[in-house]
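Fold and contact review
One letter stands for each residue in the lines below.
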Amino acid sequence: MQAETIYEAPRIAGRDGETVVTSTCGHNCGGRCVVNAHVRDGRIVHISTDQRRWNPDHPPLPACARGVGQIERTYHPDRLQYPMRRVGPRGSGQFERISWDEALDTVAREMLRVRDTYGNAAILDASRTGSQSMLHGRVAAQRFLYMFGGCTDLWSNMSAEAEVFSVRMTYGSPDYKSAGREPTDYANSKLIVMWGWSPGDGTFGTGTMAWLRHAKKQGTRIVCVDPRQTATSRQLADEHVFLRPSSDTAALVAMAHVIVSEGLHDQAYCDRHVLGFDEAHLPEGAPAGSSWRSYLLGEHDGQPKTPEWAEAITGIPAATLRRLAIDFATTKPAALQCGYAPGRTLYGEQFHRAAYALAAITGNVGIAGGSSGVSNGATGRAGIRSLPIGKNPVDARVASPLLADLLARGRAGGYPADVKLIYSAGGDLFNQCPNAAKIAASLDGVEFIVVQDHFLTPTAQHADIVLPATTFWERNDVHTPWAGAGHYAIYMRQAIAPMYECRNDIDIFDELSRRVGLNAYNDKTEEAWLRELTRDAVDDFDRFAEAGVARFPPPAEPVAFAAQIRDPDRHRFPTPSGRIEVYSTVLAANPDPYGLGRIPPVPTWMGMPETDERFPLLLCTPKSRARTHSIHGNQSQLARVDPDTVWMHPDDAAVRGLRHGARVRVVSAAGATVLPLEITDRIAPGVVSIKEGAWFSPDAAGTDGAGCANALTLDRSAPCGATTYNSNSVEVTAWA
């Protein structure tokens, strides 16, 4: 096993006159791959990637189409080139060029005015991960805003809050990114059930598909459960099981019922490691009949959670659920790999908690070839830190999916403040938060918006001041594997000088901080910061910066919680009980932790979203292989990789008299969008899907013409603060 850090330069030599520079995409893309810029005369002329052959002992880090498509993005004609001030109505996209001094003076003046007039909670941080790495990007914005006295935070993770919350409740781990397992362990599984998890679409760690192919070659059986037959399922699955969006918890609960009623669970494992599975292992003070076993068997509510019960909810035949349950319980070891999508539902925390409980009662947590049910890796960031942001001095927090409602109702709706100023650095939340039309219609009370980005995004179109930021090619930085999947770091070496008048995020905030009276925002050079942030992991910074990639020794345990299972007396789970809490003592004590709805102490089916007969089709919003959320949404060449369409089952299309390829109107209670129809049997009946991230482009009547999924989604939160993108319903009609 590798014992020391290996520094490597995964790039080919350039042609005469070319310099080749290694970096990685500075986006929240699902991977952390090598992209090499071939630079001639100060311009990127080609992008290559890690071209080494794949092998399990030393896997390469190859990029996807989005990585090699960065050249189109960097030199896109719509790049922001200089600071601008709005001169037309908000949302019109009408701006005029101004100088940096005028732009920064204006922003500073408005920030001071809003703080002094309304207080810091009236300032909303709408920054996100459009520009993401250890030094530059959102962390630079948070550091500035917290030093300025604080702001209202959109606190919940828009991708994975249901998992973040459930990992903490079930396993006690504060870091969900190190609560899963390394891809190196996939081949140890006899069975992998991929539930709402499609690395072929969403990546989920560089090389994940290669590791799954390797596992399949070693004999691992793969089953996919998803409303769509995804790219991953088509390539790898031995079986695909369709189900309705938002019904996943019912399917898991029914599987657990089969396992428990037929005595297939691991009782000895549960006795030693699990709290609340049965009545004998409830915590002190818990009501009789409150164990998960009692819930599954219907001893408390009179409804056994049988496969027949679940069939009516999920659309999965009872026989299929029963067979899958028995396979999972009797195939040792088996792994449940859960994606984020089933957690982006009205009760998304119940899906993840039920998955973790199923993994636990079958004895699969903390063992080689098993899984905690968590989607991510086991390594985390390997000791590399990000720019310190401090603590927000203002206790003003709003769940991210409620942005539209926050803007619409403010203090009158029970929120911390009426938002008067919005600062967005690398964020496109007006496009990516639910209910895009409501967001756009709720900005009248906002007095000032500043956007710092690369393009005039749907969010930037509403800004009063737009500031042009550099891309990752125009600065130095460091990045780590996405979602803890791997044990390496990439030095993001600057390839070209900042284009036009673009400036680095941290430099913009440094200039702004001086104008508002802050003198301690940045006291280091870029290199000094990067040396400090990597010093706990990188033993030779100069070699790292020159080579481009640092491979760290693999973790001693490729599976999370192995120590707790192997030696529970010395290594307790970081839960209050020290065990896997199928019965959450935290939720028993405080069942409504965020004021967003009650969460029972055991994983529970809470019901499907309320139906509206006007909108009989269920909507799911998967990832696009041509975008990272809304990033790349204006790249016409890259868009060919994964064109935007609405998927519909042939039976549903026939009933509506719709033709394949025709433009259709998709409408919901929130709004409407228009895009081409793709009729396919790769989606469950009664379900349609639209890839998220297309740029919201409404016409005068309010109908979006670009296929923006959030033109259709309602601004609701799960009780844990998670987004609910996959709990919406629509109708589809012909578009004249």
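Residues numbered from 1 in each chain as written. Predicted model: local features only at pLDDT ≥ 70, side-chain atom pairs only at ≥ 80, totals over all residues. Heavy atoms only, no water.

**Quick notes on the sheet that holds strand β11 (residues 239-241)**
With parallel pairing, four strands are arranged side by side in an open sheet as β11-β10-β9-β13. Each having just a single partner strand, β11 and β13 (334-338) make up the two edges of the open sheet. Ignoring which end each strand starts from, the neighbouring axes of this sheet average 20° apart. The sheet contact formed by strand β9 (residues 191-195) and strand β10 (residues 221-225) spans five bridges and is parallel. Paired with Met-194 across the bridge in β10 is Cys-224. (Pairing = 2+ DSSP bridges. Helix = DSSP H or I, 4+ residues; strand = E, 2+ residues; numbered from the N terminus. Axes fitted to C-alpha atoms, helices over the stretch in contact; angles between N-to-C directions.)

**Focus on the environment of Pro-342**
Relative to the helices and strands, Pro-342 resides in the loop between β13 and α14 (348-361). Considered as a pair, Pro-342 and Pro-245 are 97 residues apart in the sequence and their alpha carbons are 7.2 Å apart. Beyond its immediate stretch of four places on either side in the chain, Pro-342 contacts Trp-195, Gly-196, Asp-248, Gly-348 and Phe-351. (Contact = heavy atoms within 4.5 Å.)

**What to know about the packing of aromatic side chains**
Considering all chains together, one arrives at 21 aromatic pairs under this definition. With a centroid separation of 6.2 Å and an interplanar angle of 50°, the aromatic rings of Tyr-340 and Trp-482 are classed as tilted. One end of the pair, Tyr-340, is in the loop between β13 and α14; the other, Trp-482, is in the loop between β18 (477-479) and β19 (488-492), and 142 residues separate them in sequence. Using a relative accessible area of 6% as the deciding quantity, one classes Tyr-340 as buried. The exposure class of Trp-482 is buried, given its relative accessible area of 11%. Ring centres of Tyr-491 and Phe-544 lie 5.7 Å apart, and the angle between their planes is 85°; on these two criteria the pair is classed as edge-to-face. With Tyr-491 in strand β19 and Phe-544 in helix α20 (residues 541-547), the pair connects residues that are 53 residues apart, well separated along the chain. Residue Tyr-491 shares its accessibility class with Phe-544, and that shared class is buried. Three or more aromatic residues joined by ring pairs make a cluster, and in this case those are Phe-144, Phe-148, Tyr-423, Phe-509 and Tyr-521. Here Arg-97 stacks its cationic end above the ring of Tyr-82, 4.1 Å away from the centre of that ring. Taking the ring centre of Tyr-521 as reference, the NZ or CZ of Arg-143 above it sits at 5.6 Å. (Phe/Tyr/Trp six-rings, centres within 6.5 Å; stacked < 30°, edge-to-face > 60°. Buried < 20%, exposed > 50% of the residue type's maximum accessible area, 1.4 Å probe, protein only. Lys NZ or Arg CZ within 6 Å of the ring centre and 35° of its normal.)

Structural measurements only, silent on function.
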